[in-house]
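Listed here are the chains, written in short residue letters.
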Amino acid sequence: MPPSPARQLRSGLAVLLAATALVMATAACGTQPGGGSGSGSPSDPEQAVVTSFYPLQFAVEQITGGAVPVTVLTKPGTEPHDLELAPQDVARMSKARLVVYADGFQPAVDEAIAEVQPTSVLDVADAADLSLTLAEESGHDGGSTQEHDAHDHAGSDPHFWLDPQRYAAVAKVIGARLGKDDPARAAAYGRNTSAFVAKLTALDGQLRSGLTSCRARVLVTSHAAFGYLAQRYGLQQHGITGISPDAEPSGAGLKQISDLVRSQGVTTIYQETLVEPHFAQTVAGSTGASVATLDPLEGITSASAGGDYFEVMRSNLHALQKGLGCS
Ligand SMILES: [Zn+2]
């Protein structure tokens, strides 16, 4: 039996009303002002997760799997410690569905967070367990690191991502927060987080076994980015500059590093991709050591020894095995 004309009219009206509601909802999302209400609007496909630098960008991309746009404040190929933000960057932060950063690493980002007070902010510094700080009284000007009881992250060693276990802890916190803010995608984010953590756990195992039997355990690096990695796998890091690559070593500091290289029989000085290699080459030149590259993964460029975090970390492992004489 065909539906009555009245019933046809009612169902036609219902479809029309639903369509109108959808159009209105879409329009409302499109015109939502920046820094708007609550914890972002998961229904707006254009609203990005803004990350402060590469390892946080990579983690968010791995977890969201392309479901939402992900942007990064530190442009590829620039060194992140002394990042400067343009007004547009601060505007992007205030419109983000979530800003993911690590307090105490990039002063410009810390300042902008305080200034803009975005409604959605995730600071991963606590999850990263930044328990190393620059040793103020260490023998030389460079950056050997020591344990401290930090809750204030200023002065902490920020390079947590070079320790896959710390990076995995940060990834879990990011995944949980993204899922909480976007319940419709929470299950997918949870699966992606688990897959990412599993890859980091596998990398941790490769680093551990690859760095077990080495002729040398003293690691001389350009800036002191490898403190957590060194601590995790039983190496002793000595940075030629400090925790930030801008801090120039003094003549006395360079001499002390060179003396250490000679007395410890260090055969390889590690330079970086984003930092000018002058000081690493000076120490190598004065000691007869050779120079190799160790990438602190503060950004990926065409000069990087791999296309993403995992590829570059495996390249780092090979460079360490070669320079430290690991079997
Ligand atoms: Zn650094």
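Every chain is numbered on its own, with residues counted from 1 as its sequence reads. pLDDT decides what is reported in this predicted model: residues at 70 or higher carry local features, side-chain atom pairs at 80 or more are listed and counted, and totals for whole chains, interfaces and linings draw on all residues regardless. Calculated side-chain values reflect all of the structure's heavy atoms, with hydrogen atoms and water omitted.

**Thoughts on the overall build of the protein chain**
Quick note on the threshold: We count a stretch as a helix when DSSP gives it H or I for four or more residues in a row; a strand needs E for two or more, and each element gets its number in order from the N terminus. Whether a residue is buried, partly exposed or exposed follows from its accessible area with a 1.4 Å probe, protein chains only, as a fraction of its type maximum: under 20%, in between, or over 50%, in that order. Only the protein chains shown count as covering a residue, and every accessible area follows the Shrake-Rupley method with a 1.4 Å probe.
Scanning the protein chain for helices and strands turns up eleven helices and ten strands. Relative to its 327 residues, the protein chain shows a buried fraction of 48%. Taken as a whole, the protein chain presents about 14900 Å² of accessible surface, with 56% of it coming from carbon and sulfur.

**Quick notes on unusual backbone geometry**
With glycine set apart, most residues show a phi of negative sign, and most peptide bonds adopt trans. One non-glycine residue, Asp 129, lies in positive phi territory at about 50 degrees. Residue Leu 297 is not a glycine yet carries a positive backbone phi of 55 degrees. Tracing the backbone shows Leu 297 in the loop between β10 (290-293) and α11 (309-324).

**Overview of the nonpolar core**
Worth spelling out the cut-off: The definition of a nonpolar core used throughout is a set of buried Ala, Val, Leu, Ile, Met, Phe, Trp, Tyr and Cys residues joined through side-chain atoms within 4.5 Å. Boundary definitions for the domains trace back to an automatic or database domain assignment. Whether two residues are in contact is decided by their heavy atoms, any of which lying within 4.5 Å being enough.
Counting 59 residues, the largest nonpolar core has Phe 160, Ile 174 and Tyr 309 as its most contacted members. For this core, the secondary-structure elements that each account for two or more residues are α2 (54-64), β3 (98-101), α5 (125-128), α6 (164-181), α7 (186-210), α8 (227-233) and α11. For this core, the element with the most residues is α11, which contributes eight residues. Per-domain counts for this core show at least three residues from each of domain 1 (49-205) and domain 2 (212-324). Filtering out sequence-adjacent residues up to four positions away, Phe 160 remains in contact with Phe 53, Leu 56, Ala 102, Val 124, Ala 128, Leu 130, Arg 166, Tyr 167, Val 170 and Tyr 228. Counting 14 residues, the second largest nonpolar core, distinct from the first, contains Val 261, Ala 280, Val 283 and Ala 284.

**A few points about the pairing of strand β8 (residues 236-239)**
Our working rule: Each pair of strands is called paired provided DSSP finds at least two bridges between the two strands. Handedness is read with the strands pointing away from the viewer; a crossover is right-handed when the path from the first strand over the helix to the second is clockwise.
Across four bridges, the pairing between strand β7 (residues 218-221) and β8 is parallel. Of the residues in β8, the one forming a bridge with Val 218 is Gln 236. Since β7 and β8 lie parallel, the crossover through α8 that links them has a hand, and here it is right-handed.

**Some thoughts on the sheet that holds strand β1 (residues 49-51)**
The test is simple: Here an angle of 0 to 180 degrees is reported between the N-to-C directions of two axes, which are lines fitted to C-alpha atoms, with helices fitted over the stretch in contact.
Taking strand neighbours across the sheet as the criterion, the four strands line up as β2-β1-β3-β4 in an open arrangement whose pairing is parallel. Each of the sheet's edge strands pairs with one partner strand only, and the pair in question is β2 (70-72) and β4 (121-123). For this sheet, the mean inter-axis angle between neighbouring strands, taken without regard to orientation, is 20 degrees.

**Structural notes on the state of the cysteines**
As a reminder, the rule being used: Cysteine sulfur pairs qualify as disulfides if the two atoms are within 2.5 Å.
Counted by the stated rule, this structure contains one disulfide. Paired through a disulfide, Cys 214 and Cys 326 show a sulfur-sulfur distance of 2.1 Å. When the S-S torsion is 100 degrees, as for the bridge of Cys 214 with Cys 326, the disulfide is right-handed. Within this pair, whereas Cys 214 is found in the loop between α7 and β7, its partner Cys 326 is found in the segment after α11, the two being separated by 112 residues in sequence. Of the two residues examined, Cys 214 and Cys 326, each falls in the buried class.

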